[in-house]
Amino acid sequence: MRTPHQLGAAIQRRRKALGLTQTDVADTAGLRQATISEIERGEGARLDSLMRILAALDLELTVRPRTRMDADEIGEIF
């Protein structure tokens, strides 16, 4: 994933695959439902909130070098 929108969409897919509502995830992560909604829409998020959501969904974050991108893809990130 390279954009906040892609990350938000992945979180939403996982939540739905587990049959959870945004409120369910918020309760487990100790966050507000509105925070879950914002992150799923690709809006700003605090790193600690994101990590709590990933833990609530039994996901982990892995960082690795990027694969090569063309100029159009780079522009989409910003």
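All values derive from a computational prediction rather than experimental measurement. (Residues numbered from 1 in each chain as written. Predicted model: local features only at pLDDT ≥ 70, side-chain atom pairs only at ≥ 80, totals over all residues. Heavy atoms only, no water.)

So, unusual backbone geometry
Turning to step 1, where the next piece is worked out: Its identity as a non-glycine residue notwithstanding, Asp58 has a phi of 55°, on the positive side.
Turning to step 2, where the next piece is worked out: With respect to the secondary-structure elements, Asp58 resides in the loop between helix H4 (47-56) and helix H5 (71-77). (Helix = DSSP H or I, 4+ residues; strand = E, 2+ residues; numbered from the N terminus.)

Considerations on a nonpolar patch on the surface
Turning to step 1, where the next piece is worked out: On the surface, Leu47, Met51, Leu61 and Val63 cluster together into a nonpolar patch covering about 430 Å² of accessible area.
Turning to step 2, where the next piece is worked out: One can find Leu61 in the loop between H4 and H5. (Patch = residues over 30% accessible without salt bridge, like charges linked within 9 Å, V, L, I, M, F, W, Y side chains within 5 Å. Areas by Shrake-Rupley, 256 points an atom, 1.4 Å probe, with all protein chains shown as cover. Salt bridge = Lys/Arg side-chain N within 4 Å of Asp/Glu carboxyl O.)

Describing the environment of Arg14
Turning to step 1, where the next piece is worked out: Of note, Arg14 is situated in helix H1 (residues 4-17).
Turning to step 2, where the next piece is worked out: Arg14 gets classed as partly exposed once you look at its relative accessible area, which sits at 27%.
Turning to step 3, where the next piece is worked out: Each C-alpha atom of the pair Arg14 and Asp58 lies 9.2 Å from the other, and the pair is 44 residues apart in sequence.
Turning to step 4, where the next piece is worked out: Residues within four places of Arg14 in sequence aside, it is in contact with Leu57, Asp58 and Leu59. (Buried < 20%, exposed > 50% of the residue type's maximum accessible area, 1.4 Å probe, protein only. Contact = heavy atoms within 4.5 Å.)

Some remarks on the nonpolar core
Turning to step 1, where the next piece is worked out: Membership of the largest hydrophobic core is limited to eleven residues, which are Ile11, Val25, Ala26, Ala29, Leu31, Ile36, Ile39, Leu50, Ile53, Leu54 and Leu57.
Turning to step 2, where the next piece is worked out: Mapped by element, the contributors of at least two residues to this core are helix H2 (22-29), helix H3 (33-40) and H4.
Turning to step 3, where the next piece is worked out: If sequence neighbours within four positions are ignored, Leu57 has contacts with Ile11, Arg14, Arg15, Leu18, Leu20 and Val25. (Core = buried A, V, L, I, M, F, W, Y, C linked by side-chain atoms within 4.5 Å.)

Considerations on the environment of Asp24
Turning to step 1, where the next piece is worked out: The residue Asp24 is located in helix H2 in this model.
Turning to step 2, where the next piece is worked out: Between the C-alpha atom of Asp24 and that of Ala56, which follows or precedes it by 32 residues, the distance is 9.2 Å.

Some remarks on the confidence of the model for the protein chain
Turning to step 1, where the next piece is worked out: Residues with a pLDDT of 70 or more make up 87% of the protein chain, whose mean pLDDT is 91.
Turning to step 2, where the next piece is worked out: When mean pLDDT is taken per element in the protein chain, H2 scores highest with 98 and H5 scores lowest with 60. (pLDDT = per-residue confidence, 0-100.)

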